[in-house]
Amino acid sequence: RSASVRLMAGLALEHLPTLIALATTTTMVPDSVRATAAAGLASAPDDAAVIAAVEALIDEHEGMDKTLLIALVRLLREVPSARAEWTSVALLASNDDDVKLEAIKTLAKVGTVDSVRALLPLRDRAFAMLSETAGAAKDAILQIQARAGGGEAGALSVAEAVTGLAIVDAEATDNELA
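It should be emphasised that the depicted structure is a prediction, and the values quoted were computed from it without experimental measurement. Each residue is numbered by its place in its chain's sequence as written, counting from 1. Since the coordinates come from a predicted model, pLDDT governs what is reported: local features require at least 70, and pairs of side-chain atoms require 80 or more to be given and counted, while whole-chain, interface and lining totals use all residues. Derived side-chain values reflect all non-hydrogen atoms in the structure, with water molecules and hydrogen atoms excluded from consideration.

*Asks:* Would you mind showing me how to read the overall build of the chain here?
*Replies:* Helix and strand counts for the chain stand at nine helices and two strands. Expressed as a percentage of the 178 residues in the chain, the buried residues total 38%. Of the contacts formed within the chain by residues at least 6 apart in sequence, a portion of 54% connects residues at least 24 apart. Values of accessible area rely on a 1.4 Å probe in the Shrake-Rupley scheme; residue burial ignores everything except the protein chains shown. Summed over its atoms, the accessible surface of the chain is roughly 10,200 Å², and 56% of this surface lies on carbon and sulfur atoms. Here a helix means four or more residues in a row that DSSP labels H or I, a strand means two or more in a row labelled E, and each is numbered from the N terminus. Only protein chains enter the area calculation, which uses a 1.4 Å probe; residues under 20% of their type maximum are buried, those over 50% are exposed, and those in between are partly exposed. A contact between two residues is defined here by any heavy atoms of the two lying within 4.5 Å.

*Asks:* What is the right way to read unusual backbone geometry from this model?
*Replies:* With glycine set apart, most residues show a phi of negative sign, and most peptide bonds adopt trans. Look at Glu14: it is not a glycine, yet its phi comes out positive at around 50 degrees. Relative to the helices and strands, Glu14 is located in the loop between α1 (3–13) and α2 (16–24). Located in the positive-phi region is Met28, a residue other than glycine, with phi close to 70 degrees. With respect to the helices, strands and loops of the structure, Met28 is situated in the loop between α2 and α3 (31–40). Judged by its relative accessible area of 81%, Met28 falls in the exposed class.

*Asks:* Help me understand the pattern of salt bridges, please; the structure alone is not making it clear to me.
*Replies:* As a working rule, side chains carrying opposite charge can pair if their charged atoms are close by. Here, a salt bridge means any Lys or Arg side-chain nitrogen found within 4 Å of an Asp or Glu carboxyl oxygen. What the rule picks out here adds up to ten salt bridges. Of the charged contacts in the structure, one is a salt bridge between Glu60 and Arg34, with a shortest N-O distance of 2.8 Å. Linking Glu60 in the loop between α4 (48–59) and α5 (66–75) with Arg34 in helix α3, this pair joins segments that are 26 residues apart in sequence. Salt-bridge contacts for Asp96 lead to Lys66; the nearest nitrogen and oxygen are separated by 3.2 Å.

*Asks:* Just checking my understanding: could you explain the packing of helix α8 (residues 116–124) against helix α9 (residues 132–148) for this structure?
*Replies:* Between two packed helices, what matters for the description is the angle formed by their axes and the separation of those axes. Between N-to-C directions, angles cover 0 to 180 degrees, with each direction set by a line fitted to C-alpha atoms, over the stretch in contact for helices. Relative orientation of the contacting elements α8 and α9 amounts to 150 degrees, with a least axis distance of 8 Å. The two elements α8 and α9 meet at a crossing, and its hand is left-handed. Taking contact as the criterion, the partners of Val116, Leu119, Leu120, Leu122 and Arg123 in α8 are, on α9, Ala134, Ala137, Lys138, Ala140, Ile141 and Ile144. For the contact of α8 with α9, the class distribution of residues is nine nonpolar, no polar and two charged. The crossing is said to be left-handed when, going from far helix to near helix, the turn is anticlockwise and less than a right angle, and right-handed when the turn is clockwise. The classification used treats Ala, Val, Leu, Ile, Met, Phe, Trp, Tyr, Cys and Pro as nonpolar, Asp, Glu, Lys and Arg as charged, and all other residues, Gly among them, as polar.

*Asks:* Please clarify how the side chain of Arg77 should be interpreted in this entry.
*Replies:* When you line up the elements, Arg77 lands in the loop between α5 and α6 (84–91). Taking relative accessible area as the criterion, Arg77 reaches 18% and is therefore assigned buried. Leave out the neighbours within four places in its chain, and Arg77 touches Glu102, Lys105, Thr106, Lys109 and Val110.

*Asks:* Explain the packing of helix α7 (residues 97–110) against α9 here, please?
*Replies:* At a minimum axis separation of 7 Å, α7 and α9 run at an interaxial angle of 15 degrees. Between α7 and α9, the crossing angle belongs to the class labelled roughly parallel. α9 is crossed by α7, and the crossing has left-handed handedness. Only Glu132, Thr133, Ala136, Ala137, Ala140, Gln143, Ile144 and Arg147 of α9 make contact with α7, whose side of the interface consists of Asp97, Leu101, Ile104, Leu107, Ala108, Lys109 and Val110. Split by residue class, the contact of α7 with α9 holds nine nonpolar, two polar and four charged. Any angle that falls under 35 degrees is termed roughly parallel, while one over 145 is termed roughly antiparallel, one within 65 to 115 roughly perpendicular, and all others oblique.

Right, here's the structure in full:
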């Protein structure tokens, strides 16, 4: 049977083994079919076989077709992977704005404060007010900071070089700095 027919059946029946096989097969399966199959894996994000399939896709992401790469980056928002953050950070260097935007959106969901440094140049680039990626980078930074929570009294806060460091005051409210 053709890959497209297997894809339709796999999606209709929510048959994970078929979707995994199609998503991870690198020969004889068009990238558009692989991308659609990969997107279908989000229906079972905690399944061990799905997690293994995502790891296999991460392994081959360099040189991957744009459609499949975008499907992978979107999948990283749903399927737990220790490499989701750094794969997304690496994709911020993509020449394709669509890939870069999806990587930013993934970092907004799974990124830690470690990825903020990579997002700052995208937020601050020239014509930022006209750039969808700049706005998405700003939102991602805010979401990461919200997940990271507030500092404890006496803790240092990571800030941009132009603003320096701040010490959190024990008497300050959550939004005030000493």
